[in-house]
Amino acid sequence: MAHPSILVTVLALLALAGRAAPDETTYYVGHHAKYVNITFESEADIESIVGTTNKATGEIKADLEKGSGSVSLVVPVASMKTGIDMRDEHLRSEMWLNAAKFPTITFTSKKVEKGEGNRLKVTGDFSMHGATKEVTVNVEWKELPEEALKKAKFPEGKWLKFSTQFEVKLSDFGVKIPEFVVGKVNDAWTVKMAIFAGTSKPEPEKK
Amino acid sequence: MSRIRDRIAKVALILGVAGSLAPPVAAALLSAASGRTVILVATPNSPDVVEANRALWTPGEPVAPLYGTPVGEPMRILFADPTRIIVPKEDPSLTLYTVDKTKAENPLQERTMWFAVRMTLYASGALLAAALLHYLWRRLRGPQAAVTE
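Residues numbered from 1 in each chain as written. Chains lettered and ligands numbered in written order. Predicted model: local features only at pLDDT ≥ 70, side-chain atom pairs only at ≥ 80, totals over all residues. Heavy atoms only, no water.

A. Quick peek at the overall build of chain A. When you go through chain A residue by residue, the secondary structure sums to three helices and ten strands. Each helix and strand of chain A, ordered N terminal to C terminal, gives the series α-β-β-β-β-β-α-β-β-β-α-β-β. Counting all 207 residues of chain A, 43% fall into the buried class. Long-range contacts, defined as pairs at least 24 residues apart, comprise 59% of the intrachain contacts of chain A with a sequence gap of at least 6. As displayed, chain A offers around 11,900 Å² of accessible surface, 55% of which is attributable to carbon and sulfur atoms. (Helix = DSSP H or I, 4+ residues; strand = E, 2+ residues; numbered from the N terminus. Buried < 20%, exposed > 50% of the residue type's maximum accessible area, 1.4 Å probe, protein only. Contact = heavy atoms within 4.5 Å. Areas by Shrake-Rupley, 256 points an atom, 1.4 Å probe, with all protein chains shown as cover.)

Have a look at this one:
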């Protein structure tokens, strides 16, 4: 029979496993649309398409010194705009991202490592259109100085800016480019993200 | 019947020549008169976010991201709205042009105009070729027709 002290230790470790590590700070995403800037670009022979969204919610738990933590982000497909209403409708349709069936694009990290300087190497599951693929992105972070926070009237707390850029291939997520738009839409899209995340919890959205 | 064909060939020749010359000249003039090379900045940042970005910026870093997300390479646009142009104090050699995609804003790109010009040139070239083939055919068939008559 196991010694009672070992059982206590095991139970204590199991209880701690679900929480953020003691040195990790939780930064919340989604306080206001102006703090989220995500663009997605397709550069094809005939046309360049640029889309954006300012809606993302999630949490970034990080110990920036150690380079550990976790990331979870959710972007609603319905919030993505490309500048032409009809094209946005197509984007949400069954032919493309099928927003009715798959209303969100999500990223959930599996591993966070320290990169060079103010960089983190984040590996995780990127899910879109009902498919999931593991991706690794380099994220740069910068801490906003107290003075700048006051001047720019940010909400209370500590604030960081996270920036990253990566590529998403539509074909990896089961999205097929229809024949009639070949040459106008690229399979590979460049995604750029600049997100301010703060330690204060965002207020729930008013309905 | 041949008269009708001749008339059609004449119209095709005129349209072909006009279509091959006028659009490129007009496009070049339009480009010179109202074209401007800019870096598009999608979803411009609000003034307080620009302020926060400035606090994080150090000389040598890219300037355009302070104001929004720069997209693509510098490009020429037509009929630029002066209120959307930003010449950043951090690098006055840059010209940024803000477009808010959430408000369905799409500036007219010069390459779109040149794409239309190219399409017109293809169509004009086809008309011109058809007209020239017709005249060639007439010329070759002319003496033969005279012999048979």
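B. Fine view of the side chain of Lys 142 of chain A. Mapping Lys 142 of chain A onto the fold places it in strand 8 (residues 131-143). At 3.2 Å, the side chain of Lys 142 of chain A forms a polar contact with the backbone oxygen of Leu 56 of chain B. The residues touching Lys 142 of chain A, leaving out its near neighbours within four places in the chain, are Asn 118, Trp 159, Leu 160 and Lys 161 of chain A together with Leu 56 and Glu 61 of chain B. (Polar contact = N/O pair within 3.5 Å; in protein donor to acceptor, adjacent residues only side chain to side chain.)

C. Spotlight on the confidence of the model for chain A. Confidence along chain A averages 88 in pLDDT terms, with 88% of residues attaining 70 or more. Every residue in residues 13-18 of chain A is under pLDDT 50, and counting partners more than four places away or in other chains gives zero contacts. (pLDDT = per-residue confidence, 0-100.)

D. Focus on the interface of chain B and chain A. Contacts between the two partners involve 24 residues from chain B and, on the opposite side, 27 residues from chain A. Between chain B and chain A, the buried area comes to about 2,200 Å², and carbon and sulfur atoms account for 56% of it. Contact with chain A buries area across many residues of chain B, yet Leu 56, Lys 101 and Arg 111 of chain B alone supply 26% of it, more than any other trio. At the boundary of chain B and chain A, one finds four salt bridges. Across the salt bridge formed by Arg 111 of chain B and Glu 43 of chain A, the nearest N and O atoms sit 3.4 Å from each other. Applying the counting criterion to the chain B and chain A interface returns twelve residue pairs in polar contact (both at pLDDT 80 or more). For the side of chain B that touches chain A, the elements supplying multiple residues, two or more each, are helix 2 (47-56), strand 2 (69-78) and helix 3 (110-148) of chain B. Classifying every residue of the side of chain B that touches chain A gives nine nonpolar, nine polar and six charged. (Buried area = accessible area lost by both parts, 1.4 Å probe. Salt bridge = Lys/Arg side-chain N within 4 Å of Asp/Glu carboxyl O. Nonpolar A, V, L, I, M, F, W, Y, C, P; charged D, E, K, R; others polar.)

E. Main features of the nonpolar core. By size, the foremost hydrophobic cluster in this structure holds 45 residues, and its most contacted members are Val 29, Ile 38, Ile 60, Val 122, Phe 126 and Met 128 of chain A. Once you skip the residues sitting within four places of it in the chain, Ile 60 of chain A turns out to touch Thr 25, Thr 26, Tyr 27, Val 29, Ser 70, Val 71, Phe 162 and Ala 197 of chain A. By size, the runner-up hydrophobic cluster in this structure holds eleven residues, among which are Ala 152, Phe 154 and Phe 196 of chain A together with Ala 52 of chain B. (Core = buried A, V, L, I, M, F, W, Y, C linked by side-chain atoms within 4.5 Å.)

F. Representation of the packing of aromatic side chains within the structure. Residues and elements named next belong to chain A. Throughout the structure, instances matching the rule amount to nine aromatic pairs over all chains. Ring plane angle 70° and centroid distance 6.2 Å describe the contact between Tyr 27 and Phe 162, whose orientation is recorded as edge-to-face. Of the two residues, Tyr 27 is situated in strand 1 (residues 25-29) and Phe 162 in strand 9 (residues 159-169); the sequence distance between them amounts to 135 residues. As far as the burial class goes, Tyr 27 and Phe 162 line up, both buried. Taking 5.1 Å as the distance between ring centres and 80° as the angle between the ring planes, the aromatic pair formed by Phe 154 and Trp 159 counts as edge-to-face. By relative accessible area, Phe 154 is classed as buried at 9%. Clustering of aromatic rings is evident, with ring pairs tying together Tyr 35, Phe 154, Trp 159 and Phe 196. (Phe/Tyr/Trp six-rings, centres within 6.5 Å; stacked < 30°, edge-to-face > 60°.)

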